[in-house]
Amino acid sequence: MCGIIGYIGNKQAQPILLNCLGRLEYRGYDSCGVAVSNSSIEVYKDVVRVGALRKASPRIKGTIGIGHTRWATYGEPSQVNAHPHCDCHGSIAVVHNGIINNFQRLKHQLISEGHNFVSETDTEVIPHLIEKYYRGNLEEAVEAALRDVDGSYALIVLRVGEPRLVAARKDSPLIIGIGDRENFIASDVPAMLDYTDRVMYLEDGDIGVVTPNSIKVRSDGMEVTREEHKISWSVADAQKAGYEHFMLKEIHEQPKVIRDTLGEYVQATEPVVDLAVMRDEGIESMLILACGSSYYAAVVGKYIVEELLGIPVRAELASEFNYFSRPLARTGAIVITQSGETADTLKAIKRLKEVGCPVLAITNVVGSTASRIADQTIYTRAGPEISVAATKSFTAQLMVLYWLALSYSQVDIKRLTDIRRLADMIMGLRQLPSKVQQVLDNEGKIMECADYLSAYEDMFFIGRGINFPVALEGALKLKEISYIHAEGYAAGELKHGPFALLGSDTPVIAIVDPDSTYEAMLTNIREVQTRRSPLIALAEDGDEAIGELADFVITVPRVDAIFSPVVNLVTLQLLAYHTAKKKGCPIDFPRNLAKSVTVE
Ligand code: G6P
């Protein structure tokens, strides 16, 4: 989604803004631009990558500026629709993330008052409203303008001749980066990491006035203090470290991510979250909500919690839940979101809280909106995930779910059905980093299979039980980065429709669980083979029955079935990565996709 940056200090703003925009590329965008203020405001923007904008834009002098990467919502990707947007006289420039719901009405009103609009965007009403209300104080004009606005925003305002930037947020993240005689404002932390690791998170309704040496924040007309935080990620964490793509680096980081996330919680000396609340409130069922890949982690979570705790669990898409479902009484809610900013997921949290349902958020981003509005938060320790396609964040989410189920079984002892199972689980978790490393060591074989798959245009991923959501996530990974049409299916469902599509040009990738669902999957594989679809199987080393039936076998290390999603999914991530690479796709920034989706 859109990314924003603002700089004010004693250095030339333009190169800093362009560098920061480069760090925001991972969010996904179609156009970008910068505005720098000196004796006038100069704006350069276009439907290009940041690197091309850097080459094309002339050097602009000035130590105050704003920049933006746009992901089109209102108005097609075009130079005129790219941000920054200005008022009639080009003396006020604005970058904005979010949506202005009532922009059509505001635009008509402003046009009738003599304002000229050039773009189709909702954002353009903001500089015009500020122009309308400006009476010598920029902050007051921004406050007045926002009173007219219905919608979500993170925005930065620049006015010619004013030695300050004004920032405002509502339902869209905005962070102030604190430097030495310079300050930054950005939509997310990686944008500023080259310059500072000291940040302050703005809250909904905040208006910040930032100069090179001061930061003042107001909320409801009162001055407020926002705590300073130190970011533990380093610039190196947000760089490729010699890997060709962020996605490959992030896939390879997974043994460490598992160790870091488990280390944080399994060895915690103080309670990470108060699980006794759930027992005391008599929680009898659970609801897990999320979007995208996090939703598939939620579905794996359903299997984990139901198996270990015997509690019924509903896993639902937050985007659907918001319209059609209701939480039941005595239900505990878990909300999973890597970014902590997905609009549908945040809406679901607010809705759950309105009906008094306790919400536990699992997120990777400290200080994110989800972490601030949920009742309790558990952080995944995945580090910054830059590639649009989620990989290590998914694995880290599973780790938290395993840990949560195990911990709750100890808090609510009546849930603890089998003490030996608990000990096996802990042992299994400890072995997971080395099992995942074995998958990574098998990359050569996975590449061979990717070469083979890259010639096809449609395929199915099938799984059963806890590996059904893995099939869904495996198909999602492939389609989003390689643009090959892929569908994830419960293996038993192929015969209820997809059989009509099977044939020699439609490969099927089968995730074989050597335990409980093995025989049923073998039957499904035979059915696929009869229909002449090329068959790729993820199976245990030495499985002769599968070896005879499959065209291609990728071996995965043996783990307890409950942990098999981890090793299978890492295999499928590599398969998707190498297939996309073979096809020459822009792996880290797939077309039309965004890392963080802040609109419903
Ligand atoms: C976008 C990203 C996905 C992610 C989904 C949910 O679509 O491209 O990778 O899974 O949003 O994001 P969240 O931050 O809520 O996990």
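Everything that follows concerns the structure shown earlier in this document.
First, a word on what this report is: a plain description of the structure on this page. (Residues numbered from 1 in each chain as written. Predicted model: local features only at pLDDT ≥ 70, side-chain atom pairs only at ≥ 80, totals over all residues. Heavy atoms only, no water.)

**Concerning the sheet that holds strand β22 (residues 485-490)**
- Spatially, the five strands line up as an open sheet ordered β22-β21-β23-β24-β25, and their pairing is parallel. Two strands close off the open sheet at either side, each with one partner strand: β22 and β25 (552-555). Here the average twist between neighbouring strands, direction ignored, is 20 degrees.
- Across four bridges, the pairing between strand β23 (residues 508-511) and strand β24 (residues 535-539) is parallel. Bridge pairing in β24 places I509 opposite I536.
- On top of the sheet, helix α15 (residues 443-453) reaches β21 (458-463), β23, β24 and β25; it is set at about 145 degrees to β25, its chief contact. (Pairing = 2+ DSSP bridges. Helix = DSSP H or I, 4+ residues; strand = E, 2+ residues; numbered from the N terminus. Axes fitted to C-alpha atoms, helices over the stretch in contact; angles between N-to-C directions. Contact = heavy atoms within 4.5 Å.)

**Looking at helix α16 (residues 468-482)**
- When the terminal C-alpha atoms of α16 are compared, their 21 Å separation across 15 residues agrees well with the 21 Å that a helix rising 1.5 Å per residue should span.
- Of all 15 residues in α16, 13 are buried, a share of seventy percent or more.
- Of the residues one or two after α16, Y483 is the one with positive phi, at around 65 degrees. (Expected span 1.5 Å × (residues − 1). Buried < 20%, exposed > 50% of the residue type's maximum accessible area, 1.4 Å probe, protein only.)

**Overview of the site of the ligand**
- Looking at the ligand, there are 13 residues lining it, with S294, T337, Q338, S339 and T342 nearest.
- At a separation of 2.9 Å, an oxygen atom of the ligand approaches a polar backbone atom of S293.
- Among the elements that line the shell around the ligand, the one with the most residues is helix α9 (residues 292-309), at three residues.
- For the shell around the ligand, a count of residues per class yields five nonpolar, seven polar and one charged. (Near = heavy atom within 4 Å. Polar contact = N/O pair within 3.5 Å; in protein donor to acceptor, adjacent residues only side chain to side chain. Nonpolar A, V, L, I, M, F, W, Y, C, P; charged D, E, K, R; others polar.)

**Section: unusual backbone geometry**
- With an omega dihedral of 0 degrees, the bond running from H83 to P84 counts as a cis peptide bond.
- The backbone of R181 sits at a positive phi, close to 55 degrees, despite the residue not being glycine.
- Relative to the helices and strands, R181 is located in the loop between β9 (175-178) and β10 (183-186).
- Of note, the phi angle at N592 is positive, near 65 degrees, even though the residue is not glycine.

**Quick look at the state of the cysteines**
- By the definition in use, this model includes zero disulfides.
- Here C2 is not disulfide-linked; the sulfur of C32 is the nearest cysteine sulfur, at 12 Å.
- C2 gets classed as buried once you look at its relative accessible area, which sits at 11%.
- Its sulfur unpaired, C449 is 17 Å from the next cysteine sulfur, which belongs to C585. (Disulfide = S-S within 2.5 Å.)

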